[in-house]
Amino acid sequence: MVEFDATFFAQIINFLILLFILGKFAYKPLMKVLDERRERVANDLEAAEKTRVEAEALKAQYSKQLADARSEATAILDKANKAGQKVHDDYMAQAQAEKDQMMTAAKQTIADEKDQAMSDVRAQVINLATEIASKVVDQKLNSAADQELVAKTADSVLNK
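Quick look at the structure, then. What you see is a predicted model, and the numbers here were worked out from it, not measured in a lab.

1. What about the packing of aromatic side chains?
Thought 1: Summed over the entire model, instances satisfying the criterion amount to one aromatic pair.
Thought 2: Aromatic side chains F8 and F9 sit 5.8 Å apart centroid to centroid with 70° between the ring planes, which places their arrangement in the edge-to-face category.
Thought 3: The exposure class assigned to F9 is partly exposed, which follows from its relative accessible area of 45%.

2. A few points about the pattern of salt bridges
Thought 1: Enumeration over the complete set of coordinates arrives at five salt bridges.
Thought 2: Two residues, R52 and E49, come together in a salt bridge whose shortest N-O distance is 2.4 Å. Residue R52 and its partner E49 are both found in helix 1 (residues 6-137); the two are separated by three residues, about one turn of the helix.
Thought 3: Between K64 and D68 there is a salt bridge, with its nearest N and O atoms 3.2 Å apart. With K64 and D68 both in helix 1 and four residues apart, this pair spans about one turn of that helix.
Thought 4: A residue is classified by how much of its surface remains accessible, and K64, at 54% relative accessible area, is exposed.
Thought 5: Under the relative-accessibility criterion, D68 is labelled partly exposed at 38%.
Thought 6: A network of salt bridges, in which partner residues are shared, links E49, R52 and E56.

3. What about helix 2 (residues 144-158)?
Thought 1: Taking 1.5 Å of rise per residue, the 15 residues of helix 2 would be expected to cover 21 Å, and the 21 Å separating its terminal C-alpha atoms lies within 8% of that figure.
Thought 2: Of all the positions in helix 2, only V150, A151 and A154 are classed as buried. The arc that holds the buried residues of helix 2, viewed along the axis, is 105°, so those residues lie on one side. Opposite the buried face of helix 2, at more than 90 degrees from it, the exposed residues are A145, L149 and K152.

Definitions and cut-offs
Residues numbered from 1 in each chain as written. Predicted model: local features only at pLDDT ≥ 70, side-chain atom pairs only at ≥ 80, totals over all residues. Heavy atoms only, no water. Phe/Tyr/Trp six-rings, centres within 6.5 Å; stacked < 30°, edge-to-face > 60°. Buried < 20%, exposed > 50% of the residue type's maximum accessible area, 1.4 Å probe, protein only. Salt bridge = Lys/Arg side-chain N within 4 Å of Asp/Glu carboxyl O. Helix = DSSP H or I, 4+ residues; strand = E, 2+ residues; numbered from the N terminus. Expected span 1.5 Å × (residues − 1). Arc of directions from axis to C-beta.

As structure tokens, then:
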């Protein structure tokens, strides 16, 4: 069995003194260090959560800015395409107007040249008819009345 002698009580007293000393000098500072560490870890977790929330907010902001930039780029491209199409349409309209103007001028030139050619042919026909008639009648028709009569006759023949 266990004997209770003086060494047993001395050991218990030594143990209690050791507990008191450890409690006073080791346990409290150790608990203080652990509490500080617990607070530091909690603060670090809070800071990490705050940083994560800020990062998500920044990510959302950057995503919005990127979407805005893309929509702005699309708008700029659409505007440039419309401007290019307008320039193209303007050039096409200008080219069509120039073509129409050239066609009108060419038709007018052709009509003028046709009239000139008809006038030249008429004059030649009148001269030839006058010469033929004078040789047939064996006299030369020189009077203005004779020339006018031949011109009317030539016009009636040409217009048939």
